[in-house]
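Here are the chains, one letter per residue:
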Amino acid sequence: MNGADASHIDPDGWSGEAAAYVLGALPPDERAEFERHMGSCDMCRDAVAAMQRTTDALASAATPLAAPGTLRERVISSVYANARAQRADGPGGLLRRLALAPHRWRSALASAAVASGLTAVLVLALATGSNSSRVRVIRVPVTTTPRASAVLRVSGGHAELEVLGMPQSAPNRVYEVWIKRGGALLPTNALFTVTDRGSATVAVPGDVRGAMAVLVTSEPRGGSPAPTRTPVIVAPLS
Amino acid sequence: MPKPLRFVGGDDSAESLRLLADEELVALTYQSKPAAFEVIYDRHVDAAFSLAVRICGQRALAEDVVQEAFLSLWRTRARYDRTRGSVRTWILGTVRNRAIDAIRQRSVGDRGRVDDAGLEERLVAPERTDLEFARREDARLVRQALDQLPDEQSRVIELAYFGGLTHVQIASMLDMPVGTIKGRMRLGLAKLRTTISNPAEIAP
């Protein structure tokens, strides 16, 4: 549809369509039709490209707000955990596939999380069958809150903790992750807070191989070198 | 912006990474370098969060949207195509789509309600780099340009872009033909484009 297509003569024909397209206002069937049309129409492609820049600028018209630092903690720790899992897992491994379907992964865990005080340990079998891609899923209660639960996913020496329904940390306090090795509780640099819905995903720093448990306590902001409170989560590894 | 807690998985070369362009950083993330992604996050998260709050009307939901969007960006980083737009466009497009999905799943009664607790926390500019200053200046121009559009044009643009409504839904809401709505979108975007590219036209 190059050149003098009749629809281009009407300014609200394809160019009106292009405006609705860049604003994300076309219903799916019209959107698909317009994308097909653009494949063969330079004029519409150019119009969309020009309008797209204007539309992109609209994003900055929102009242400027600062994103909370706790959000950074959650996002970046999950990104590191995912990167480590991908490295440990290799191509085609389970974690990699789960990473591509986070909602299914989470809902499967949530539905597995029945309200009992018992620790559940699941070992997920893998399509690849290699030992390196084994993921141990350890579900434990949160001692202070019966409706809350925590899930520790362990793959090789890497572990990631996900909490659901956890209470907000008190003002000026954060949750701190600890690794129990022998009789000692070792601090980690994993400090976290939870969303309004009580969820968080935290990478457990370091190698957990040979460790006895992963624990969480509530500590003053900035963390503590030794726990000052009773653990709210104890996830046994051995 | 609140100071981040301790750096999880920090990287010694963080300072040198901060000198790189967005596109170079994305290329580094292909090698599974999360430190490069941290820099991208820090550069764009305030804009992403502001957009999410604008669309969702609630900070808590906006936080979830931004978190999911950045994790999705990390997982799908290999699909970034620079010929289709800048990294910022890619990020804000992803955030917008997720925010629109989130408000569509929410009950209609909650729509548009803004959580007052958030609004006092304006951007405080911890690092006033030239780039950041230029971005804020651009943002101010865009807001002014939007304010100067005829109401009938700014309304359809805002309902579509920030409200996630289709032209059919907007036509039904305003009781007007779909063609009129599309025409207003076209005229409004054209006017915005002219005004943004000629800031002198913006009234003080």
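Residues numbered from 1 in each chain as written. Chains lettered and ligands numbered in written order. Predicted model: local features only at pLDDT ≥ 70, side-chain atom pairs only at ≥ 80, totals over all residues.

A.B. asks: Residue-level account of the overall build of chain A, with values.
C.D. replies: Regarding its fold elements, chain A presents seven helices and nine strands. Taking as baseline every contact in chain A between residues at least 6 positions apart, the subset at least 24 positions apart corresponds to 57%. (Helix = DSSP H or I, 4+ residues; strand = E, 2+ residues; numbered from the N terminus. Contact = placed C-beta atoms within 7 Å.)

A.B. asks: Give a description of the sheet that holds strand β5 (residues 173-181) of chain A that names residues and reports values.
C.D. replies: All names here are of chain A. Spatially, the four strands line up as an open sheet ordered β6-β5-β8-β9, and their pairing is antiparallel. Strand pairing shows two members of the sheet lacking a second neighbour, β6 (184-192) and β9 (233-236), which therefore form its edges. Each adjacent strand pair in this sheet contributes to an overall mean axis angle of 30 degrees, direction not counted. Alignment of β5 against β6, held across six bridges, turns out to be antiparallel. Bridge assignment links Tyr175 to a residue of β6, and that residue is Phe192. (Pairing = 2+ DSSP bridges. Axes fitted to C-alpha atoms, helices over the stretch in contact; angles between N-to-C directions.)

A.B. asks: Describe the interface of chain B and chain A, listing the residues and the values that go with them.
C.D. replies: If you look at the interface, chain B gives 61 residues, while chain A gives 56 residues. Mapped onto the side of chain B that touches chain A, the elements with two or more residues apiece are α3 (34-56), α4 (59-75), α5 (87-105), α7 (130-148), α8 (151-161), α9 (167-174) and α10 (178-197) of chain B. Top element by residues in the side of chain B that touches chain A is α3(B). It accounts for 12 residues. Classifying every residue of the side of chain B that touches chain A by side-chain character gives 33 nonpolar, 10 polar and 18 charged. (Nonpolar A, V, L, I, M, F, W, Y, C, P; charged D, E, K, R; others polar.)

A.B. asks: If you had to explain the confidence of the model for chain A to someone new, which residues and values would you point to?
C.D. replies: Mean pLDDT for chain A: 75, with 75% of residues reaching 70 or above. Segment residues 91-133 of chain A: pLDDT under 50, and 50 contacts once partners within four positions in sequence are set aside and those in other chains are kept. (pLDDT = per-residue confidence, 0-100.)

A.B. asks: Outline the pairing of strand β4 (residues 158-164) of chain A, supporting the account with residue identities and numerical values.
C.D. replies: Residues and elements named next belong to chain A. Counting buried positions along β4 yields seven of seven residues, so the element is predominantly enclosed. Neither face of β4 is exposed, since His158, Glu160, Glu162 and Leu164 on one face and Ala159, Leu161 and Val163 on the opposite face are all buried. Sheet topology note: the strand β3 (residues 145-155)/β4 ladder contains seven bridges and is antiparallel. Pairing of Ala150 across the sheet is with Val163, part of β4. Count of turn residues in the β3/β4 antiparallel hairpin: two residues, of which Gly156 carries a positive phi of about 60 degrees. Pairing between β4 and strand β7 (residues 200-204): five bridges, direction antiparallel. Paired with Glu162 across the bridge in β7 is Thr201. (Buried ≥ 20, exposed ≤ 12 C-beta atoms within 10 Å, placed from the backbone.)

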